[in-house]
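Residue-level structural notes
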Amino acid sequence: MAQRNVYSSKDEPEDAQSPEEVLHSVMQELEALHQNVKGQLNQDITRLQTEKNHLIEDIEDLREQYRKLQSQQMESLSGRYIQQQQLWLKQLAQVLAHNLQDLLVQRFNELSANSGNSLSSPIPSGEFPIPLPPSNYDERASQLLAALDERIDRSFQMLEQDLTSYESELSVRLNNMKTLELQGEELLQNLVNRIREELESEEEYLENPFDAQDSYVEESTNSVNYVNSVRPQLQQSPTPVETPREPVPQPSSVPSPAPAKASSQVQTGLVLALSSAVVLSLFNVCLRILIKGKNPRVVFGLFEFPGVVTPGFGNSLLILLMRLIVVMALMPILATFLYPSVWKDIRRLFESGDRALWSKVLGSAFFLFLSQVLIYLAIGNIPAGIAITIFFIYPIVTVLGSWILFGSRPSTVGFLAIVGITAGLILAGWPSFAAPAPGGGNVGVGVTAALASGITFAGYVLLTQMAAGKLHPIPFSLVNFAAIFVFSSLSLWVPLSENFSPKIDQNVWPGLILGGVVLGVLTLFSYLLNNFAIRFAGAALASVIGTLGPAMTALFGFLIINEKLQPVAILGMAVVTLSVAAMSVERIVAPQKKAS
């Protein structure tokens, strides 16, 4: 009542100005906060520039010291070589003089013996005899001079050979020093480039403080994410694919590792990863409902839904296209929200003209396109949980392909996981052949399509692994979405045979469009949840949660459309899930063992 009296008083104009004053004060505070933050950022940039100049000066000092050390080393080496050569020449001259003296003594002794006027006592070694002049003195002297000349020539030839070998050895060592100099310059240049890149990355981070590093996903982060959200994945390849470069020495001051994530953030990330797996499992069940079966499917036990399209290759292409229309309409907005520099990276990709990178990007998109179409075909013919379980053959193909291409030999746990996945796939797929397919689908086509989907997805993973680190994953995802959209459109535009062409009733187009919207929204929602899950908990933990995809798909299939599985199939699904989870856990533990 008191407030009503106040507002009904005659001072109503003055009270009307009070919110304006409050708004004005808030605007002033926001402006002051903006100026404060801007000033702090400017100070940080100035500090970084100062540190950059100091680093450049230090590098120049290091280069100058390197030149001085190199010149001193050259002078010391030259002096040592000259002294060594003088010592060799002195020793050689002494040896030659000694040999000549022995030869002369021997010749004079022979001359004296032949002439019959031997000396009264033998000539001791090292003394020069005084022979009597023989009758054939001229002939003997000529022979002696010829032998002496031959011996001197041979000695000088040996000396020339020794000098030539010394010269060649000196030339080789000088060439090695020149090579070392070039390598040192290259190492310094690489060090300067790395410091420059780090400074530029810090400046970019100050301009855009967005944690994009956690969005780089490891191999096998979430298999169902790849199948349903068409999201590319950047792995940490164990061995680089490009030509190996020489190791670059790290700076002496190694930055301390980033602080570990808080437990609350990890818990939030795990919840988000589990939510993403739930959404993707719902995606699989919705796709199963959208495809017609022999009998209408009862949803939640309340109403029957006959489906929209029959299972087939052409209809799978059409469902994929309808879904991608929604994704391509919303993904640019979502990508800009997650990574504001997405368009700069895409423009840089187009301007780079890197054919190798383009071939890997488009090749991975084509393999993912085939994997999508085939998994849709598989889900239309066999239960969704079984199809996703059989799809998990891709870790085996990926591990073997990495072994062949990158030389990354699997560990003992990896081999055991491969055996476990193989046994689980047999257990999960065998009941489908032993009993009629639920819903009247073709079991052979469904199992074959699921296996082919996993194999083609492994090709996508390997090509993505080759392109890892060259492009941020979010622009990589956007380019992949666009490429798959083009592939789907061209596949439907090209005339296909009757067995592969779409077969759609004109009356089901509204249901098909609605189904495409639902699938597209679920795709983007799962993509967003998984992206934030990786930021909070890390890619490794998110990948462990992603291994629950087959089990959760089977669970939701049972709860929503009463799709029952035999105990043997459930056992195979559990074995596959545990084997893939073991691979993911090993990927977490292995770096910690190496670090310790």
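The model shown is predicted, which means the values in this text are computed figures rather than measured ones.

1. Brief notes about the overall build of the protein
- Counting secondary structure elements, the protein contains 17 helices and two strands.
- Out of the 596 residues belonging to the protein, those deemed buried represent 38%.
- Looking at the protein alone, contacts between residues at least 24 apart form 83% of all its contacts between residues at least 6 apart.
- Of the roughly 34,000 Å² that the protein leaves accessible, carbon and sulfur atoms contribute 61%.

2. Quick notes on the confidence of the model for the protein
- Averaged over all residues, the pLDDT of the protein is 76; the fraction at 70 or higher stands at 79%.
- Within the protein, the lowest mean pLDDT, 38, falls on helix α4 (residues 223–229), and the highest, 90, falls on helix α8 (residues 355–381).
- Overall, residues 1–14 carries pLDDT values under 50, and its contacts beyond four positions in sequence, including any with other chains, amount to two contacts.
- Overall, residues 117–121 carries pLDDT values under 50, and its contacts beyond four positions in sequence, including any with other chains, amount to six contacts.

3. Regarding the packing of helix α7 (residues 342–352) against helix α13 (residues 473–493)
- At a closest axis distance of 9 Å, the pairing of α7 and α13 adopts a crossing angle of 65 degrees. Relative to α13, the element α7 is oriented roughly perpendicular. By crossing handedness, the relation of α7 to α13 is classed as right-handed. Residues V342, W343, D345, I346 and L349 of α7 form the contact with α13, whose participating residues are I474, P475, L478 and V479.

4. A closer look at the nonpolar core
- Formed by 88 residues in total, the largest nonpolar core has its most connected members in I319 and M331.
- For this core, the element with the highest residue contribution is α8, accounting for 12 residues.
- Aside from chain neighbours lying at most four places away, what touches I319 is L287, L290, I291, V309, Y376, L512 and L519.
- In this structure, V285, I289, F556 and I560 belong to the second largest nonpolar core, which totals eight residues.

5. Some words on the pattern of salt bridges
- Using the criterion set out here, one finds seven salt bridges in the structure.
- Between R288 and E563 there is a salt bridge, and its shortest N-O distance comes to 2.7 Å. A residue pair is termed long-range when its members are at least 10 positions apart, and R288 in helix α5 (residues 263–290) and E563 in the loop between α16 (549–561) and α17 (567–595) qualify at 275 residues.
- Between R348 and D345 there is a salt bridge; the shortest N-O distance is 2.8 Å. With R348 and D345 both in helix α7 and three residues apart, this pair spans about one turn of that helix.
- D345 sits in the buried class, given a relative accessible area of 9%.

6. Focus on the packing of helix α6 (residues 313–338) against α8
- For the pair α6 and α8, interaxial distance at closest approach is 9 Å and the crossing angle is 115 degrees. Along this stretch, α6 crosses α8, giving a crossing that reads as right-handed. In this structure, α6 uses F313, S316, L317, I319, L320 and R323 to contact α8, whose residues at the interface are F369, Q372, V373, Y376 and L377.

7. Notes on a nonpolar patch on the surface
- Taken together, V22, L23, V26, M27, L30, L33, V37 and L41 make up a surface patch of nonpolar side chains, about 690 Å² in accessible area.
- The residue V37 is located in helix α2 (residues 12–115) in this model.
- Judged by relative accessible area, V37 falls into the partly exposed class, the value being 41%.

8. So, the packing of aromatic side chains
- The tally for this structure, following the rule as stated, stands at 14 aromatic pairs.
- An aromatic cluster is defined as three or more aromatic residues linked by ring pairs; in this entry it consists of F391, F392, Y394, F457 and Y460.

9. Quick notes on the side chain of T553
- Along the polypeptide, T553 turns up in helix α16.
- A distance of 3.2 Å separates the side chain of T553 from the side chain of N284, its partner in a polar contact.

10. Here's the deal with helix α10 (residues 394–406)
- In this model α10 runs 17 Å from its N-terminal to its C-terminal C-alpha over 13 residues, within 8% of the 18 Å that 1.5 Å per residue would give.
- Of all the residues in α10, the buried ones are Y394, P395, I396, T398, V399, G401, S402 and F406.
- In the stretch just after α10, G407 is the one whose phi turns positive, near 75 degrees.

11. Some details on the environment of L374
- Within the fold, L374 resides in helix α8.
- Each C-alpha atom, one on L374 and one on V445, is 9.7 Å from the other, the two residues being 71 residues apart in sequence.
- Sequence-distant contacts of L374, that is, excluding residues within four places in its chain, are made with A449, A452, S453 and T456.

12. Comments concerning the side chain of N284
- Within the secondary structure, N284 sits in helix α5.
- Given a relative accessible area of 0%, N284 falls into the buried group.

13. A word on unusual backbone geometry
- Positive phi, close to 55 degrees, is recorded for N562, a residue that is not glycine.
- Here N562 is to be found in the loop between α16 and α17.
- Of the residues examined, N562 reaches a relative accessible area of 46% and is grouped as partly exposed.

14. Examining the environment of L512
- Mapping L512 onto the fold places it in helix α14 (residues 509–537).
- Counting along the chain gives 203 residues from L512 to V309, while the straight-line C-alpha distance between them is 7.9 Å.
- With near-sequence residues (within four places) excluded, L512 lies in contact with V308, V309, L318, I319 and M322.

Quick notes on the rules
- Residues numbered from 1 in each chain as written.
- Predicted model: local features only at pLDDT ≥ 70, side-chain atom pairs only at ≥ 80, totals over all residues.
- Heavy atoms only, no water.
- Helix = DSSP H or I, 4+ residues; strand = E, 2+ residues; numbered from the N terminus.
- Buried < 20%, exposed > 50% of the residue type's maximum accessible area, 1.4 Å probe, protein only.
- Contact = heavy atoms within 4.5 Å.
- Areas by Shrake-Rupley, 256 points an atom, 1.4 Å probe, with all protein chains shown as cover.
- pLDDT = per-residue confidence, 0-100.
- Axes fitted to C-alpha atoms, helices over the stretch in contact; angles between N-to-C directions.
- Parallel < 35°, antiparallel > 145°, perpendicular 65-115°, else oblique.
- Left-handed = near helix turned anticlockwise from the far one by under 90°.
- Core = buried A, V, L, I, M, F, W, Y, C linked by side-chain atoms within 4.5 Å.
- Salt bridge = Lys/Arg side-chain N within 4 Å of Asp/Glu carboxyl O.
- Patch = residues over 30% accessible without salt bridge, like charges linked within 9 Å, V, L, I, M, F, W, Y side chains within 5 Å.
- Phe/Tyr/Trp six-rings, centres within 6.5 Å; stacked < 30°, edge-to-face > 60°.
- Polar contact = N/O pair within 3.5 Å; in protein donor to acceptor, adjacent residues only side chain to side chain.
- Expected span 1.5 Å × (residues − 1).

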